[in-house]
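# Overview (structure and organization)
Chain residues, written in single-letter form:
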Amino acid sequence: MAPRFLEGNEAVAMGALTAGCRFFAGYPITPATTIFNAMLRLLPATGGVCIQGEDEIASMGYCLGASMAGWKSMTATSGPGISLYSEQISFAVGSEIPIVIVDVQRLGPSTGSATRGADGDIQFLRWGNSGGLPVIVLAPVDAADCYLLTIHAFNLAETYRCPVFLASNKEIAMTRESVDLDALHVPDIIDRKPPLDSASFQPFQVSEKRRTPYFLPIGGSVPVRQTSSTHGADGYITTDAKQISENQWRLKKKLEAAVEKFTFFDEQAAESDTLVISYGVTARAAADATDLCRRAGRSVGLLVLKTLWPVPAQMIRNKAERYRRVVVVEMNLGQYVQEIQRVLADRQVEFYGQMDGQLITPIRIKEVIDGR
Amino acid sequence: MAASLLNKDRPPVFCPGCSHDRITGALDQAFQKLGLAGSQVAIVSDIGCSGLFDTFFHTHALHGLHGRALTYAAGIKLARPGLQVVVTMGDGGQGIGGAHLLAACRRNLNLTMLVLNNFNFGMTGGQFSVTTPSEARVGSGFLNQLEKPLDICQVARSAGAAYVKRCSSYQSGLADDIAEAIAFEGFSLVDIWGICPGRYSRQNPLTPKIIAESMAAMPPADGVVEENRRPEYGSVYRKTAKGQKTVHPPHVEQQFQPPGTGRHEILLLGNAGQRIITAGEILCLAGMTAGLQATQKNEYNITVLRGPSVCEVILSSDRISFTGLGQPDVVIVLSREGVDRRKSLFAELHPQSLVLKATDTQIPDCSGAVHLLDFKKMGVKPADRALASLAVLAKAGKIIDIEMLKAALWLRFTDKVQDSVLGLVERVGSNN
Ligand code: SF4
């Protein structure tokens with residue numbers, strides 16, 4: 001098919017629809033509003049529900065309720081809303097409720113600049129839940145990624161029963177571009193799994209082989225319990241330290257041990273001593289910067305991360321192996337570079353960041369690569 | 001009558017004499033009166049002593065965050081309209097989630113909310129809540145004396161709740177009242193007054209008789225609120241949704257060969273009302289009709305009807321990676337406000353950069369090739385300046401041509417508007 005002219009936010013909404021999303025609750029906040037607008041155009045007509053929450057906390061609550069009732073659900077906000085989502089995010093983490101959360105990042109702190117881009121929430125998304133358990137964060141580079149990674153986000157939320165974030169950015173979300181979605185390779189759509197035998201169903205029962213509990217919906221033929229309290233397999237409060245500890249470790253390993261199954265990235269390997277690592281909209285400037293370098297007679301490698309959390313440490317180590325020097329570029333004052341420094345502790349890791357509402361330019365990145 | 005839905009393995013664990021015990025029993029009886037099975041009911045409980053309710057029943061259950069129970073309940077009900085969803089919440093959670101109560105009353109989704117109103121935060125040590133009387137002695141020192149307690153029933157009523165009932169935990173027929181509220185088609189709220197011997201009544205004399213007397217002194221709240229009666233939200237939503245159409249942005253087929261290759265950057269500088277953003281979109285669509293890649297970035301004030309409007313467009317025969325502009329190939333200058341946003345750019349333009357400038361707009365010293373557009377002479381209204389400029393650009397035929405521009409207008413507009421924009425392009429394209 002021919003391309004469409006879409007902004008990243010529209011591509012997110014279309015990806016959600018392809019993934020089987022049936023419920024969206026959001027509220028107006030620049031630069032995420034157009035996801036709400038698009039969902040309102042897409043969902044009700046197809047038998048789903050899109051509602052405008054009275055606030056951020058409510059929007060998340062509606063989604064968690066609908067998700068527990070068996071509907072794939074999504075919400076979208078920006079940094080100021082993520083902070084208000086926080087307690088509900090913790091609920092989704094601890095009580096294993098599938099949900100996709102789009103954070104269209106804007107320049108912070110706080111109200112900041114509603115119409116300026118940034119990638120300032122990258123550590124916040126990881127650590128913004130009480131208890132500090134891991135979450136999945138995917139970072140799109142362009143409208144095509146907004147579509148594809150939203151589908152992956154739903155698949156992951158269903159597979160691992162967890163919140164999955166799409167860390168978008170005003171500069172992708174509200175920039176329109178020509179994109180042929182039909183030419184993209186769309187993954188198979190995954191739905192949460194019901195137990196083989198629902199008669200003996202326990203809402204948080206797991207096995208050696210399976211770290212994620214099976215799912216039955218609230219409202220089905222078997223009464224189902226959900227709780228935000230520390231619980232055992234039966235969904236009732238527990239004070240058994242052994243049971244509690246095992247469950248916390250399971251929630252951690254469930255995602256961290258599986259990251260290789262959902263490590264998304266792009267790579268341009270090069271015979272070079274330098275590897276540039278970037279993500280999000282900045283990766284587009286980094287790609288142009290490596291082109292500029294090549295034309296100037298210097299080849300440089302490029303690694304574009306699309307799975308940010310859990311940190312795909314093994315992949316990063318493999319890809320960085322042949323390079324002596326790593327340059328991390330991101331649209332903040334140094335967030336993900338901390339992970340790169342940790343993972344590549346034996347390498348020379350340099351950093352360039354910018355937080356002024358402007359895109360980092362290819363020329364500036366080339367200067368950093370050239371050591372200027 | 002159906003069987004009891006009480007969970008025999010988990011009997012209530014409230015303090016002796018706690019009125020929650022009575023409400024638990026009454027709720028079970030209400031379920032039985034309505035003939036409900038456990039799988040037909042979801043209890044959404046809040047935090048605090050009222051948050052234990054879900055564990056005493058064999059039903060679907062969701063125990064969430066403090067004050068937010070109504071939000072989960074709404075999500076569940078929208079996805080499962082056939083399920084009876086009952087929310088249990090204390091007066092503490094009521095204060096925390098006040099916005100959600102207002103929203104639920106206004107929305108009229110078929111939920112039942114039981115407020116277990118015992119005038120304090122019991123579980124945390126008897127602090128004052130939104131319903132604590134000013135004269136009560138509670139765990140918040142003198143603070144409650146400075147605030148006026150809230151009448152939940154009056155709040156719910158004025159927020160649009162169609163069913164509001166005030167009850168005592170001790171009155172006969174409580175089960176019937178709860179059953180009636182559950183059976184009501186729409187949002188129903190039952191404000192159930194009770195005694196918390198664990199925390200509240202140790203310092204404040206409160207008996208079933210005092211409760212009954214206090215309630216009698218309150219404005220009546222006795223069930224259906226006629227002036228708020230209206231169709232239930234979910235059923236109206238589903239009916240309205242059926243008539244909606246899913247609209248996707250259109251595909252743009254390649255119809256032409258592009259006039260040139262490589263990357264072209266076009267900057268439009270104008271103000272609100274000049275349809276700068278629309279012109280940028282048309283320019284991109286025009287490029288796409290010749291198979292070009294396109295990106296568009298906009299900048300405007302939040303006051304959309306006033307202030308600068310700036311649009312950055314890239315058209316390229318190759319993949320567009322970086323979406324920012326370097327030195328644009330074309331700058332379309334339509335108003336001073338837009339120019340002010342990009343002042344420093346003019347001195348750095350390439351000599352071959354084309355500047356299409358309205359005669360009535362000043363720009364700083366400029367190194368590009370300036371071409372003047374006298375819109376007055378051309379008979380172009382302010383709102384059509386941007387589109388007219390595209391026609392001039394298309395006539396030059398380097399980045400887009402007139403056929404591409406017309407094809408974009410065909411895609412973007414219909415009916416009368418289409419006729420008028422095509423007419424404008426026709427006119428400007430042939431005159432200028
Ligand atoms: S603290 Fe009060 S509300 Fe809680 S169980 Fe005891 S008496 Fe009942």
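Because the structure is a prediction, the values reported are computed rather than measured.

Below, the discussion takes up the overall build of chain B. Across its full length, chain B carries 14 helices and 13 strands. Here chain B has a C-alpha radius of gyration of 34 Å; the compact-globule value for 432 residues is 22 Å, and the former is much larger. Its C-alpha atoms give chain B principal-axis dimensions of about 90 × 50 × 40 Å. The 432 residues of chain B split such that 55% are buried. Considering only residue pairs separated by 6 or more positions, chain B has 67% of its internal contacts joining residues 24 or more positions apart. Each charge sign in chain B was given a centre, from 43 positive and 38 negative side chains, and these centres are 1 Å apart.

Residues and elements named next belong to chain A. Scanning the model with the defined rule gives 13 aromatic pairs over all chains in all. Centre to centre, the rings of Tyr160 and Phe262 are 5.6 Å apart; their planes meet at 55 degrees, and the pair counts as tilted. One end of the pair, Tyr160, is in helix α6 (residues 143-160); the other, Phe262, is in the loop between α8 (241-256) and β11 (265-268), with 102 residues separating them in the sequence. The two residues Tyr160 and Phe262 agree in class, both being buried.

So, on to the sheet that holds strand β2 (residues 60-63) of chain B. A sheet is described by the order of its strands in space; here eight strands give the open sequence β10(A)-β2(B)-β1(B)-β3(B)-β4(B)-β6(B)-β5(B)-β7(B), paired in mixed fashion. Each edge of the sheet is formed by a strand with only one pairing partner; in this case those strands are β10 (225-227) of chain A together with β7 (222-224) of chain B. For this sheet, the mean inter-axis angle between neighbouring strands, taken without regard to orientation, is 15 degrees. The pairing of strand β3 (residues 84-90) of chain B with strand β4 (residues 112-117) of chain B spans five bridges and is classified as parallel. Across the sheet, the residue bridging to Gly90(B) is Leu116(B), located in β4(B). On the sheet, helix α2 (residues 69-79) of chain B packs against β1 (41-45), β2, β3 and β4 of chain B and is oriented at approximately 175 degrees with respect to β3(B).

Moving on, we come to the pattern of salt bridges. This model, assessed by the stated rule, comprises 47 salt bridges over all chains. Put simply, Glu177(A) and Arg284(A) hold a salt bridge, and the shortest N to O gap is 3.0 Å. Of this pair, Glu177(A) sits in strand β9 (residues 176-179) while Arg284(A) sits in helix α9 (residues 282-295), placing them 107 residues apart in sequence. Ionic pairing is found between Glu312(B) and Arg342(B), a salt bridge with its closest N-O pair at 2.8 Å. Here Glu312(B) is found in strand β10 (residues 308-316), whereas its partner Arg342(B) is found in the loop between α10 (336-341) and β12 (354-358), with 30 residues between them in sequence. Overall, Glu312(B) belongs to the buried group, its relative accessible area being 12%. Each of Asp273(A), Arg298(A), Arg324(A), Lys366(A), Asp370(A) and Arg372(A) takes part in a single network of salt bridges with overlapping partners.

Residues and elements named next belong to chain A. Parsing chain A into structural domains produces domain 1 (1-262) and domain 2 (266-369). On a C-alpha basis, the centres of domain 1 and domain 2 stand 27 Å from each other. On the domain 2 side, the residues contacting the 31 residues of domain 1 number 27 residues. It is Asp119, Gln123 and Val141 that lose the most area in domain 1 upon contact with domain 2, and together they represent 25% of the buried surface on that side. In this assembly, domain 1 and domain 2 are joined by two salt bridges. Two residues, Asp145 and Lys306, come together in a salt bridge whose shortest N-O distance is 2.8 Å. Linking domain 1 with domain 2 are 14 residue pairs in polar contact (both at pLDDT 80 or more). Counting only elements with at least two residues in the side of domain 1 that touches domain 2, the list comes to β6 (113-117), α5 (122-127), β7 (136-138), α6, α7 (170-173) and α8. For the side of domain 1 that touches domain 2, the leading source of residues is α5, giving four residues. Partitioned by chemical class, the residues of the side of domain 1 that touches domain 2 number 16 nonpolar, five polar and ten charged.

This part covers the sheet that holds β11(A). Residues and elements named next belong to chain A. Read from one edge of the open sheet, five strands run β11-β13-β12-β15-β16, paired in mixed fashion. Two strands in the sheet have a free side with no partner beyond their single neighbour: β11 and β16 (348-353). Between one strand axis and the next, the sheet turns through 20 degrees on average, direction left out of account. For strand β12 (residues 274-279) and strand β15 (residues 325-330), the ladder comprises four bridges, and the chain directions are parallel. What sits directly across from Ile277, in β15, is Val328. Strands in contact with helix α10 (residues 313-320) are β11, β12 and β13 (301-305); relative to β13, the strand with the most contacts, it is inclined by about 170 degrees. Along the sheet, helix α12 (residues 362-369) makes contact with β12, β15 and β16, crossing β15 at roughly 155 degrees.

This part covers the domain arrangement of chain B. In terms of domain boundaries, chain B breaks down into domain 1 (19-241) and domain 2 (263-430). Distance between the C-alpha centres of domain 1 of chain B and domain 2 of chain B: 59 Å.

On to the nonpolar core, then. It is characteristic of soluble globular proteins that their nonpolar side chains tend to be buried jointly. With 165 residues, the main nonpolar core has Phe23(A), Met39(A), Met74(A), Ile277(A), Leu305(A), Ile340(A) and Phe187(B) as its most contacted residues. Examining the composition of this core, we find that eleven residues originate from one element, α6(A), more than from any other. If near-sequence neighbours (up to four positions away) are discounted, Met39(A) is found in contact with Ala13(A), Ala16(A), Cys21(A), Phe24(A), Pro44(A), Cys50(A) and Met74(A). Residues Leu285(B), Ala290(B), Met378(B) and Ala394(B) belong to the second largest nonpolar core, which totals 47 residues.

Summarising the model, chain B shows a mean pLDDT of 95, and 100% of its residues fall at 70 or more. Interface scoring of the predicted complex returns ipTM 0.97; its pTM is 0.97.

Let us now look at α10(A). Residue and element names in this part refer to chain A. Those residues of α10 lying buried are Ala313, Met315, Ile316 and Ala320. Seen along its axis, α10 keeps its buried residues to an arc of 165 degrees; they face one direction. Close packing links the buried residues of α10 with β11, β12, β13 and α11 (337-343).

Further remarks concern the packing of helix α3 (residues 56-68) of chain A against helix α4 (residues 79-94) of chain A. All names here are of chain A. For the pair α3 and α4, interaxial distance at closest approach is 8 Å and the crossing angle is 30 degrees. By the angle between their axes, α3 is roughly parallel relative to α4. Here α3 runs over α4; the crossing is right-handed. Counted together, Glu56, Ile57, Ser59, Met60, Gly61 and Leu64 of α3 and Gly81, Leu84, Tyr85, Gln88, Ile89, Phe91 and Ala92 of α4 form the full contact between these two elements. Per-class residue counts for the contact of α3 with α4 are eight nonpolar, four polar and one charged.

Thresholds, definitions, all that
- Residues numbered from 1 in each chain as written.
- Chains lettered and ligands numbered in written order.
- Predicted model: local features only at pLDDT ≥ 70, side-chain atom pairs only at ≥ 80, totals over all residues.
- Heavy atoms only, no water.
- Helix = DSSP H or I, 4+ residues; strand = E, 2+ residues; numbered from the N terminus.
- Rg over C-alpha atoms; globule rule 2.2 N^0.38 Å.
- Buried < 20%, exposed > 50% of the residue type's maximum accessible area, 1.4 Å probe, protein only.
- Contact = heavy atoms within 4.5 Å.
- Lys, Arg positive; Asp, Glu negative; His and termini not counted.
- Charge placed at Lys NZ, Arg CZ, Asp CG, Glu CD.
- Phe/Tyr/Trp six-rings, centres within 6.5 Å; stacked < 30°, edge-to-face > 60°.
- Pairing = 2+ DSSP bridges.
- Axes fitted to C-alpha atoms, helices over the stretch in contact; angles between N-to-C directions.
- Salt bridge = Lys/Arg side-chain N within 4 Å of Asp/Glu carboxyl O.
- Domains from an automatic or database assignment.
- Buried area = accessible area lost by both parts, 1.4 Å probe.
- Polar contact = N/O pair within 3.5 Å; in protein donor to acceptor, adjacent residues only side chain to side chain.
- Nonpolar A, V, L, I, M, F, W, Y, C, P; charged D, E, K, R; others polar.
- Core = buried A, V, L, I, M, F, W, Y, C linked by side-chain atoms within 4.5 Å.
- pLDDT = per-residue confidence, 0-100.
- Arc of directions from axis to C-beta.
- Parallel < 35°, antiparallel > 145°, perpendicular 65-115°, else oblique.
- Left-handed = near helix turned anticlockwise from the far one by under 90°.

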